[in-house]
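# Per-entry structural report
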Amino acid sequence: MIDLHCVATGNNLKIAIMLEETGLPYRLVRYEMFAGTHLEPAFRRINPNCKLPAIVDHAPVDHGPPFSVFESGAILTYLAEKSGRFMPADLRGRSLCQQWLAWQIAGLGPMHGQAHHFVRYAPEGQTYGIERYRREAERLLHVMEYRLAEAPYLAGVYGIADIACFPWIGGLGLIGLGLDDLPAVSDWHDRIAARPAVAAARAALMDENRSLYTRVRAELTPEQWSAMFGDRMHAASRIR
Ligand SMILES: N[C@@H](CCC(=O)N[C@@H](CS)C(=O)NCC(=O)O)C(=O)O
């Protein structure tokens, strides 16, 4: 059994999709970011970075004690290696898969994440931040279009790089972007959305709490702001 420590957002949907795709048994351990339930010491022992998702594998392949993994890219790689699925075994294919996964983790995710922050959470009127990150988020979509115009999936065959990128495409409307001039990304998104495992993951993870995290403008109370971006989040990451 694998515990998926999670909240109903895109980074977490990646892992639920992978667990559904592989058929590995899992259960959800839910948190509420705005309330700061992920900032408690018990979760920090699982993820020292205090962010979601993280997993605890209670049946690791070495038959050792339960094993924790944080960072969605590392979790996807761990599950691909554990299951022997969704990451090519040959050197070229595996490298392609890791290149696009690294691109998501270091580029698409952070840039879109910052665009979401400035468009939806920052005080009104931060035009520099909105312009900077929305433009870069859009540029990265064109990088994806270039790749998907020549291959059906990012690494050639469907795998963890696609699973990592997929949830971000679903959230484009929230930052004022879309797929109108990106036909290859649009087609790729529709093919992945139609997979039964993706529907199952969405149904399992994206409960009513999701609405908390999908408001176009999220007005947070001072306590919620502190847990997400402020003093409480900082304090939770300090040594003491
Ligand atoms: N690079 C991390 C990002 C994780 C992340 O930022 N998760 C968000 C939810 S999508 C979170 O936990 N936010 C809580 C907070 O910042 O307080 C990953 O890919 O796992």
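Residues numbered from 1 in each chain as written. Predicted model: local features only at pLDDT ≥ 70, side-chain atom pairs only at ≥ 80, totals over all residues. Heavy atoms only, no water.

The name an unreviewed UniProt entry gives the chain is Thiol:disulfide oxidoreductase, with Pseudooceanicola pacificus as the organism. Per UniProt, the chain carries the Sequence similarities (unreviewed entry) text "Belongs to the GST superfamily." (UniProt positions renumbered as here; feature names shortened; annotations may be inferred.)

### Examining the state of the cysteines
By definition, a disulfide links two cysteine residues through a covalent bond between their sulfur atoms. The full count for this structure, using the stated rule, is zero disulfides. Not engaged in a disulfide, the cysteine Cys97 finds its nearest cysteine sulfur in Cys165; these two sulfurs lie 10 Å apart. (Disulfide = S-S within 2.5 Å.)

### Considerations on the packing of helix H4 (residues 91–121) against helix H5 (residues 127–148)
Running from N to C, H4 and H5 cross one another at 150°; their axes reach a closest spacing of 8 Å. The pairing of H4 with H5 is recorded here as roughly antiparallel in orientation. You can see that H4 and H5 cross each other, and the crossing is left-handed. Two secondary-structure elements touch here, H4 through Leu96, Trp100, Trp103, Gly107, Leu108, Met111, His112, Gln114, Ala115, Phe118 and Val119 and H5 through Gly129, Ile130, Arg132, Tyr133, Arg134, Glu136, Ala137, Leu140, Leu141, Val143, Met144 and Arg147. Considering only residue class, the contact of H4 with H5 consists of 15 nonpolar, four polar and four charged. (Axes fitted to C-alpha atoms, helices over the stretch in contact; angles between N-to-C directions. Helix = DSSP H or I, 4+ residues; strand = E, 2+ residues; numbered from the N terminus. Parallel < 35°, antiparallel > 145°, perpendicular 65-115°, else oblique. Left-handed = near helix turned anticlockwise from the far one by under 90°. Contact = heavy atoms within 4.5 Å. Nonpolar A, V, L, I, M, F, W, Y, C, P; charged D, E, K, R; others polar.)

### Things to note about the pattern of salt bridges
Applying the stated criterion to the full structure yields ten salt bridges. Residue Arg94 is joined to Glu81 by a salt bridge in which the shortest nitrogen-to-oxygen separation is 3.3 Å. Placement of Arg94 in helix H4 and of Glu81 in helix H3 (residues 72–83) is noted, with a sequence separation of 13 residues between them. Put simply, Glu124, Arg217 and Glu219 are held in one network by salt bridges that share partners. (Salt bridge = Lys/Arg side-chain N within 4 Å of Asp/Glu carboxyl O.)

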